[in-house]
Each structure stands twice: as structure tokens, then as C-alpha cells.
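Each chain, written out:
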Amino acid sequence: MATTKRYDVKDLALAPEGVRRIEWADRQMPVLAAIRQRFEAEQPLNGYRVSACLHVTTETANLMRTLKAGGADVVLCASNPLSTQDDVAAALVDEFDVSVFAIKGEDNDTYYAHIEAAVDHKPHLTMDDGADVIGVLHSHRREQLGDIIAGTEETTTGVIRLKALEADGALGFPIIAVNEANTKHLFDNRYGTGQSTIDGIIRATNVLLAGKRFVVAGYGWVGRGVASRARGMGSHVIVTEVDPLRALEAVMDGFEVLSMGAAAKVGDIFCSATGDKHVVTREHMEQMKDGAILANTGHFNVEIDIPALKSLASETRKAREFVEEFTLADGRRLYLVADGRLVNLAAAEGHPALVMDMSFANQALAAEYAVQNAASLERKVYVVPDEIDKEIARLKLETMGVEIDKLTDEQAKYLASWDEGT
């Protein structure tokens, strides 16, 4: 069915393929489906406007369907110009009556114009994957801050930025850090990003990982996942870190830990996963071997110093789809994958739906929680309430057919009592 809502997508004729793929993902997202069924009956978001800036993928489409089922008026824009799946964007507009502003490969001006369009929706709730909508609202749309009940943030990078805003006393409305939920970062970041990052690198380059020296910058949950999957593919994995505890953990997990300066001399493939800026610098690139591959799975494309790479190159060319070749003055060639953007979404399909089921269940329930508790929420960054986290884990186990034990009354009393514990 055609919609009268405003949108900017590549081609509505792509919608039928998008519908098929959205339905395929939905079959692997049973927790979100259960929430959608309840939302449809209870309408907890009825009358609320939601502006979401997320990766426009099949999994996100099912979150949008869930929010709409709960009564929300939803607008979606892309949180990354290379991650949009154009058929999904078309399907959301044409079949599911969601206003979408997203085109894969959109230029920088269009990207930010789409974010502005989402803000034009005058949201009561925001959903971010990198804090872009929140950033616009806090910079030049501050007159809208008072209308917003709360926002959610999906990424480590975004949460770090928002906590800094809170520390400065400048946060304009409450934020629920969906990224901090155990059912998000322990699974989505580690298993989802781990698998899809390797998938993106392989799709883009078609290189054999077995026998390669694979350098992972950062050993947070994303880095752990990438390192584990790269090792599973037969790579010799090297981890670089700035946090001594995480570096020690990587050592105890059996990985070689080096400084980036040392790793640059021996690595074949480099993948940054830190959320920070210029993790791979000009000095590192000057030490790299001919044929080294550079990729990033952090949210923004600043982890690799791309301007420095361009300044080092005497010649550039497109080597493959999503792979740019930089020939240096001495003849060495370095290869940048997906313009240094999120490689798992730019060159592949992002996280498998099975793990996004939990992440987006957190998003949906966090939105419901924000509406229910609007009067008591302060302008702070909150973690997802423990009861929501545990309920999602319980539902996920149930859909997988996994049964677990429960504490007996005797056991609960023993754990709760000082006297019983002696």
C-alpha cells in the first residue's frame, strides 16, 4: 500500500524484495515478535512520536514494526551512509507505512539533511546509534529539548559521548543506554559484531584468513568477538590495547598483545574496534607491509587516519567493490575497506537477526519504560533496568527451548541471610 507520508528512499519498486527479507529476519527474532504482539494489544506508545537514527536493515525494520504496533508515530533515518539496505527502506515506506529518510551511499549533505528530517518530526522519544539525532537537538534545535521524554542509545561510542555531556551538566533529556544492557553488549557486540565483521572483510576482499596475522585494535566486547572469530578462521591474532586490564585479559585468553607500533610492522589485516580517533596513524601506515588491509568496525570512520593515508599515496584506485587501493611512494600498496566505515554493515549485512532480536527487544522495552516513568527520570544516562534485561534473557531462552533451574525457597533464604550463610 502506498503511503502519504514524506520519505526519501532510492526506489519504491525495491519494496517487494525488502518485504521478503524483513519477513525472513522476523522469523529469527521471536522475542521482538512476542513484544510486538503485546504492544499491539496494549498500545503503550500510543500518541508518542519517535525519531530513530539507526542502521536501516531488516532487523531495524522489525523494530520499527514493533514501535508502530505499540501506537508510535515513527520516522527513521540512517545512522551510517553506507549501511542502508535500499530494499528495506522502500518496504518500510510502501508496505509498513513508516517514514524513512535513507539511501545507501548518500553524500554527507544528504545524510545530515535526513537527520534534520527526523528531528523535524518533533519527537517525544529518540533512538540513536551514535548520538547523531541527540547531537542535532543539543546543537541547533535546542528549542525542542523540552518536548522530549527520553532517548535511547545503541552504541558504546554514543554512550561515551552522552556520559561526557551529562558530566558537563549539558544533557537535555534522559538517556537509556541500551548498549549497556547485558543482553545487548554481551551478545550483540561479541557474537553479532564478531561474526559480521569477519563476514564483511571476507566479502569485500575474498582473502583467506588462515595463516594471516590479524591485528585487532581494542579488546572490548566487539574486539573480543572479532579476535575470537578471526582465530577460529585460522588467523594468528594480535591485540592492541591501552587499558592494562583488557590487555592482560587478551594475554590470558591466548592472544599476542603488542603496541600498534610493533603490530604495524607484522600485521596483514588490521581491524579497529575502539570507538576512539586515529588508532591507526600515519606513523603506523609507514611501517606496514605491502598489501596490508585496513578495516574498521567502530561506529565512526575516524579510527583509521584516512586523510593521512591519502596524503601518503601517490596513486589511488578502486581495487574491488568496497576496497580502495593506495599506492605509496615506495611502491607499497595498502588497502582500505569500506572507506573505513563499519565494515560489517557497509560490506555485509550487519549482525545476524538472532542477536539483534535481543538488542531491539531492549530498544522497544526501553521506550515503553521511558513512557511509563517519564515523571521520575532525570537528565542522566541510565542503564537498562535489570528486570528488563533478565526478562529478555528469559524470553530468549524460552524461544530457544532452553530450560534452567530456579532457586528453591531454601536456597533463596540461604543466599539472603547472614545467619543461614554461616
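Residues numbered from 1 in each chain as written. Predicted model: local features only at pLDDT ≥ 70, side-chain atom pairs only at ≥ 80, totals over all residues. Heavy atoms only, no water.

Caption draft 1: Region of interest: the overall build of the chain. The secondary structure content of the chain amounts to 17 helices and 15 strands. Here the C-alpha radius of gyration of the chain, 22 Å, is about what a compact globule of 422 residues would show, namely 22 Å. Dimensions of the chain, computed from the C-alpha atoms along their principal axes, are close to 70 × 65 × 45 Å. Across the 422 residues that make up the chain, the buried fraction comes to 55%. Long-range contacts, defined as pairs at least 24 residues apart, comprise 73% of the intrachain contacts of the chain with a sequence gap of at least 6. (Helix = DSSP H or I, 4+ residues; strand = E, 2+ residues; numbered from the N terminus. Rg over C-alpha atoms; globule rule 2.2 N^0.38 Å. Buried < 20%, exposed > 50% of the residue type's maximum accessible area, 1.4 Å probe, protein only. Contact = heavy atoms within 4.5 Å.)

Caption draft 2: Spatial organisation of helix 15 (residues 353-372). With 20 residues, helix 15 extends 28 Å from end C-alpha to end C-alpha; this agrees with the ideal 28 Å at 1.5 Å per step. Of all the 20 residues making up helix 15, 17 are buried; the element is thus mostly covered by neighbouring parts of the structure. (Expected span 1.5 Å × (residues − 1).)

Caption draft 3: Fine view of the pattern of salt bridges. Considering all chains together, one arrives at 26 salt bridges under this definition. Across the salt bridge formed by Asp-330 and Arg-332, the nearest N and O atoms sit 2.8 Å from each other. Judged by relative accessible area, which is 53%, Asp-330 ranks as exposed. Classification of Arg-332 as buried rests on a relative accessible area of 17%. Here Asp-357 and Lys-396 are joined by a salt bridge, their closest N and O atoms 2.9 Å apart. In this pair, Asp-357 is assigned in helix 15 and Lys-396 in helix 16 (residues 386-399), connecting sequence segments 39 residues apart. Judged by relative accessible area, which is 0%, Asp-357 ranks as buried. Salt bridges sharing partners connect three or more residues here, namely Arg-21, Asp-87, Asp-199, Arg-203 and Glu-349. (Salt bridge = Lys/Arg side-chain N within 4 Å of Asp/Glu carboxyl O.)

Caption draft 4: View of helix 3 (residues 58-69). In this model helix 3 runs 17 Å from its N-terminal to its C-terminal C-alpha over 12 residues, within 8% of the 16 Å that 1.5 Å per residue would give. In terms of burial, helix 3 is a largely internal element, 10 of the 12 residues being buried. One or two steps after helix 3, the chain reaches Gly-71, where phi turns positive at roughly 100 degrees.

Caption draft 5: Representation of the side chain of Asp-128 in the model. With respect to the helices and strands, Asp-128 occurs in strand 4 (residues 125-128). Put simply, Asp-128 is tucked away with no salt bridge, and the nearest opposite charge, on Arg-161, sits 7.6 Å away. Beyond its immediate sequence surroundings of up to four residues, Asp-128 is in contact with Cys-53, Leu-54, Val-133, Ile-134, Thr-152, Glu-153, Glu-154 and Gln-363. (Lys, Arg positive; Asp, Glu negative; His and termini not counted.)

Caption draft 6: Inspection of the sheet that holds strand 14 (residues 333-337) at higher detail. Taken together, eight strands build an open sheet; the order of strands is 9-8-7-10-11-14-13-12 and the sheet is mixed. Every interior strand has two partners, whereas the edge strands, strand 9 (256-257) and strand 12 (313-320), have only one. Examined bridge by bridge, strand 7 (residues 213-217) and strand 8 (residues 236-240) share five bridges and lie parallel to one another. Across the sheet, the residue bridging to Arg-213 is His-236, located in strand 8. Sitting on the sheet, helix 8 (residues 182-205) touches strand 7, strand 10 (269-272), strand 11 (293-296), strand 12, strand 13 (323-328) and strand 14, and the angle it makes with strand 12 is about 100 degrees. (Pairing = 2+ DSSP bridges. Axes fitted to C-alpha atoms, helices over the stretch in contact; angles between N-to-C directions.)

Caption draft 7: Just the sheet that holds strand 4, in detail. The parallel open sheet is built from seven strands, whose spatial order is 3-2-1-4-5-6-15. Two strands close off the open sheet at either side, each with one partner strand: strand 3 (99-101) and strand 15 (381-383). For this sheet the average axis-to-axis angle between neighbouring strands, irrespective of direction, equals 20 degrees. The strands touched by helix 6 (residues 132-139) are strand 1 (49-54), strand 4 and strand 6 (175-177); relative to strand 4, the strand with the most contacts, the crossing angle is about 125 degrees. Each of strand 1, strand 4, strand 5 (150-153) and strand 6 touches helix 15; the most contacted strand, strand 4, lies at about 155 degrees to it.

Caption draft 8: How the structure looks around the pairing of strand 12. In the sheet, strand 12 pairs with strand 13 via six bridges, with the strands oriented antiparallel. When the bridges of strand 13 are listed, Glu-315 appears paired with Thr-327. In this antiparallel pair of consecutive strands, strand 12 and strand 13, the connection spans two residues, and Phe-322 shows a positive phi of 75 degrees.

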